Amino acid sequence: MASDAAAVHSNSYETYLDYKGKHKGIFAWILSTDHKRIGILYMVALLSWFLVGMALGGLIRLELLTPGRTIVGPQTYNAFFTLHGVIMLFIFVIPGIPAVFGNFFLPIMIGAEDVAFPRINLLSWYLYIIGGILIILAIFLPGGAPDTGWTFYIPYSIRTSTNMIITLTAVFLLGFSSILTGLNFITTIHRLRAPGMDWFKMPLFSWALYATGWIQVIVTPIIGITLLLVIIERVFGVGIFDPALGGDPILFQHLFWIYSHPAVYIMAVPAMGVISEIIPTFSRRTIFGYKFIAYSSLAIALFGSLVWAHHMFAVGMSDSAEFIFSLLTFMVAIPSAIKVFNWTATLYKGSIQLDPPMLYSLAFIFLFSIGGLTGIIQGALSVDIHLTDTYFIVGHIHYVVFGTAGFGIFAALHYWLPKMIGKIYNMKTAKVAFWITFIGFNILYFPFFIMGWLGMPRRSYDYLPEYQVYHVISTVGSWIMISGILLMFYNLLKSVYTGKRVTERNLWGGETLEWTVPTPPPLTNFEKLPDVTVGPYEYKQNDIEVEEVK
Amino acid sequence: MDKHNELAEHSNHRYGKYILVWLGLLTLTAITVAVAGVNLGSITIATAIIIASIKSYLVLTVFMHLKSESKTFKIFVGVAVFFIIISLVLLFSDYSNM
Amino acid sequence: MSTQEHTAVAHLHRDDVRSRMGMWLFLFTELILFGGMFFLYAVYRFLHQADFHVAAKSMNILIGTVNTAILLTSSLTIALSIAALQNKKKILSLILQGITVIFGLLFLVNKYFEWSAEIHHGNYPGSPELISQSSGHILFFGLYYVMTGLHGLHVIIGMVVIMFMMRFTIKDVITPDHIVKLEAAGLYWHLVDIIWIFLFPLFYLIT
Ligand SMILES: [Cu+2]
């Protein structure tokens, strides 16, 4: 596919990469309001944080290799799993796909020159960076790294002497950043679609971002205020959640999960959007059930916001609450299942090409199915009482969050990075890296389900010897997976510096608008604004030959 | 070109309308204070909330021009209000049956 | 969602609807931010009804009512200032914006006296007198300070924003044809008003 590009390559236009604005050097980036540059800024920051989070995860696994102390003491271990959760969730997957690929591709996919509010977009990046810096401060300032777990449960989060206020402020700012991204995307999609780009001609990725934008705008303020109240409670001693002052710690959990359950969809829905782009491209087929997939994103946003208390079945809620939330939890599985069925139907009889983006997408479907099904198991009240706070839930969260949002990001990286930078990575290495990562992933996380079923409690520093065999398997899995991921990063990073140049517009034979603009895209995205007449994914029969550049 | 400029021509009407709404808001405030003095038992809180909702509705539709905005904006507001109400209801499914 | 959507412009020239849409979405986040605190209020009031009634007795209904009237009137003046500017009456608009800021200040002055009185009575977070009270009492005052405090903060932000708008109006950045900034500021001010419309009965009128 990547033809002998160097010969053809002539920059008859100015790409967004070599555009010279009024600022020089790094300032041309960190003061730029161009959505593509902001997308790249996010990408660099996010992937760096991912490596930090992954290192912490690796250390946790290493500590758990043997019962008792292996490498660190219990306090450090508590800080490890807290920071691993905070970094991976609030700094990596929640901004994740929207911040990187949404920023870069949403305007192009709907035929706009930029997002609705470019300066607010840059502001949201700065809030994100400040949030990250605060986390670093929280780790190294005297007082010690936070040790509450990423859920910040009351009363421990108002009692611990670690740097909670800085950590909570950081998450508050990260939430604000996320809100601004959502607000920007909703407005962009409403107001900036190109002529002819109807709602139902939009790529499914835009639909996913639209639904995600609403979740971000509607539920994030709840975690904002909740954490702000904890800060106020710590600073001024106001009685709000603290049981010593008459407060109700369970109420904190309610408010926390009103945000944090839908947050799972802030991570997963954009990833589903990515998969909905990649699947038709690599099976050369119109996506099956376009409207179902589009609407199911909205349905997930709606129902996903109403099921939060399934995280609290074991805290002693009223029977009616347990019943209602259990029922709603089963319902939210329906739109997710609709998506999986539609993807599978698209694959059926398609001419499937197993390029790296497709491999990650298929892995996504597999891992998401396991994650989703284990979720349903826990949605059942009687079973959940048994599984609550065991490794089962840790396995579930990793299949759901890493298996979807993480693999979604990897898929998107392999699908779009060549378009973003105009250089292609090594295909073979990418495939090898995929298989190592995928196999390592399952060796790492699948034993969690077994351990959890047998009763191994989560977040525990020490454990009974009978669990050790599973911990050893899992830790070995973590080594395999980490090597796979490092190989993937190396391959991608190498492509940035010495990758083969690509200039053809349509790298994979996709049918959405980003494949009609030059590679890498020019500053204003389009030479002339597109007039959209057909929907996305309208593959004609046997046009594969035409798509492939000779 | 947009509705807002057309509105400018009728601005004198708007002054009058705003002042009327303002008087209405003050009256509702007076009513809610007066009613609070009377002991209505369990419906006290309901009355207070209903009056506050009417006041908010007036501010939203007239002062904030929601009435002259497109349907999209109205749906938006509906989504936000729906979320708050349904969350409160679900929250109380835990507390009201203990 | 369909017909008027087609007016969507494809590139980034001025689009007032877009600006207002962004503002409304932002207002939702503010609304839901306070919504979270209203949830807390609702649950705690439900759990500690008697305590809340007793605690609310020490609230000064007069100050609360006066402050409600002040905010409602300031909402009127900011709405009128927009209408005035659209009517090409710049000076009148400026005066009305100025009055809005002054009303905001009056509101805060009242609030200051109210808080001072409460603190004087020993009703402040962490005070020995408050701690010795019942749970519901502590929670009522905790919520009272946090909710009116954050609301007060929003009043201050609103005042600063409107002062910027006055400057923009003087410099003709905001004109009858480019009025969306002032409209957005007005929207924000009205939202602050709406939040108070709910705070007022919940803290002052439940005795
Ligand atoms: Cu959940």
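For the structure, check the block above.
Note that the structure is predicted; figures quoted are calculated from it, not measured.

Chemist: I'm lost on the overall build of chain A in this one. Help?
Modeler: Secondary structure summary: chain A contains 18 helices and two strands in total. In terms of C-alpha radius of gyration, chain A reaches 23 Å, essentially the compact-globule figure of 24 Å for 550 residues. Judged by the C-alpha coordinates and their principal axes, chain A covers about 70 × 50 × 45 Å. Classification of the 550 residues of chain A by burial places 65% in the buried group. In chain A, the proportion of contacts linking residues at least 24 apart, taken out of those at least 6 apart, comes to 83%. In the structure as shown, chain A presents an accessible area of about 18900 Å², 69% of it carried by carbon and sulfur atoms. Looking at chain A, you have 31 positive and 30 negative side-chain charges, and the mean spots of the two groups are 7 Å apart.

Chemist: Would you explain the pattern of salt bridges in this entry?
Modeler: Oppositely charged side chains can form a pair if their charged atoms are brought close together. Taken as a whole and judged by the stated rule, the model has nine salt bridges over all chains. Its salt-bridge partner being Arg458 of chain A, residue Asp389 of chain A comes within 3.5 Å of it at the nearest N-O pair. You can see Asp389 of chain A sitting in the loop between α14 (381-387) and α15 (391-421) and its partner Arg458 of chain A sitting in the loop between α16 (427-454) and α17 (468-498), a full 69 residues away along the chain. For Asp389 of chain A, a relative accessible area of 44% translates into the label partly exposed. Taking the relative accessible area as the measure of exposure, Arg458 of chain A reaches 25% and is therefore partly exposed. With a closest N to O distance of 3.1 Å, Asp172 of chain C and Lys90 of chain C form a salt bridge. With Asp172 of chain C in the loop between α6 (135-170) and α7 (180-204) and Lys90 of chain C in helix α4 (residues 90-120), this residue pair connects regions lying 82 residues apart in the sequence. With relative accessibility at 28%, the residue Lys90 of chain C sits in the partly exposed group.

Chemist: Explanation requested: the nonpolar core in the structure shown.
Modeler: In globular proteins that are soluble, nonpolar side chains generally tend to be buried together. By size, the foremost hydrophobic cluster in this structure holds 290 residues, and its most contacted members are Phe101, Trp416 and Met420 of chain A. With near-sequence residues (within four places) excluded, Phe101 of chain A lies in contact with Leu106, Phe205, Ile409, Ala412, Leu413, Trp416 and Met420 of chain A. Residues Ile174, Ile179, Leu182 and Ala185 of chain C belong to the second largest nonpolar core, which totals seven residues.

Chemist: Would you take a moment to explain the interface of chain B and chain C for this structure?
Modeler: Often, the extent of an interface is quoted as the loss of accessible area upon association of its parts. Contacts between the two partners involve 45 residues from chain B and, on the opposite side, 49 residues from chain C. Between chain B and chain C, roughly 4300 Å² of surface is buried when both sides are summed, and carbon and sulfur atoms account for 76% of that area. Counting the surface chain B buries against chain C, the share from its top three residues, Tyr15, Met64 and Phe73 of chain B, is 14%. There are one salt bridge connecting chain B and chain C. Notably, a salt bridge pairs Arg20 of chain C with Glu69 of chain B, separated by 2.5 Å at the nearest N-O pair. The interface formed by chain B and chain C contains four residue pairs in polar contact (both at pLDDT 80 or more). Those elements that provide at least two residues to the side of chain B that touches chain C are α1 (3-9), α2 (11-37), α3 (43-63) and α4 (71-95) of chain B. Looking at the side of chain B that touches chain C, the element that brings in the most residues is α2 of chain B, giving 13 residues.

Chemist: Sorry, what's going on with the coordination of the copper ion here?
Modeler: Put simply, the ideal angle at a metal is 109.5 degrees for four donors in tetrahedral geometry and 90 or 180 degrees for six donors in octahedral geometry. Residue and element names in this part refer to chain A. Ligation of the copper ion by protein atoms is provided by His261 (ND1), His310 (NE2) and His311 (NE2), these donors lying 1.7 to 2.1 Å from the ion. If you list the donors of the copper ion from N- to C-terminus, the spacing comes out as H-x48-H-H. Here the residue His261 occupies a position in helix α10 (residues 249-283), and His311 occupies one in the loop between α11 (290-304) and α12 (319-347), the gap between them amounting to 50 residues. For His261, a relative accessible area of 7% translates into the label buried. What makes His311 partly exposed here is its relative accessible area of 29%.

Conventions and cut-offs
- Residues numbered from 1 in each chain as written.
- Chains lettered and ligands numbered in written order.
- Predicted model: local features only at pLDDT ≥ 70, side-chain atom pairs only at ≥ 80, totals over all residues.
- Heavy atoms only, no water.
- Helix = DSSP H or I, 4+ residues; strand = E, 2+ residues; numbered from the N terminus.
- Rg over C-alpha atoms; globule rule 2.2 N^0.38 Å.
- Buried < 20%, exposed > 50% of the residue type's maximum accessible area, 1.4 Å probe, protein only.
- Contact = heavy atoms within 4.5 Å.
- Areas by Shrake-Rupley, 256 points an atom, 1.4 Å probe, with all protein chains shown as cover.
- Lys, Arg positive; Asp, Glu negative; His and termini not counted.
- Charge placed at Lys NZ, Arg CZ, Asp CG, Glu CD.
- Salt bridge = Lys/Arg side-chain N within 4 Å of Asp/Glu carboxyl O.
- Core = buried A, V, L, I, M, F, W, Y, C linked by side-chain atoms within 4.5 Å.
- Buried area = accessible area lost by both parts, 1.4 Å probe.
- Polar contact = N/O pair within 3.5 Å; in protein donor to acceptor, adjacent residues only side chain to side chain.
- Donors = N, O, S within 2.8 Å, 3.2 Å for Na, K, Ca; no water.

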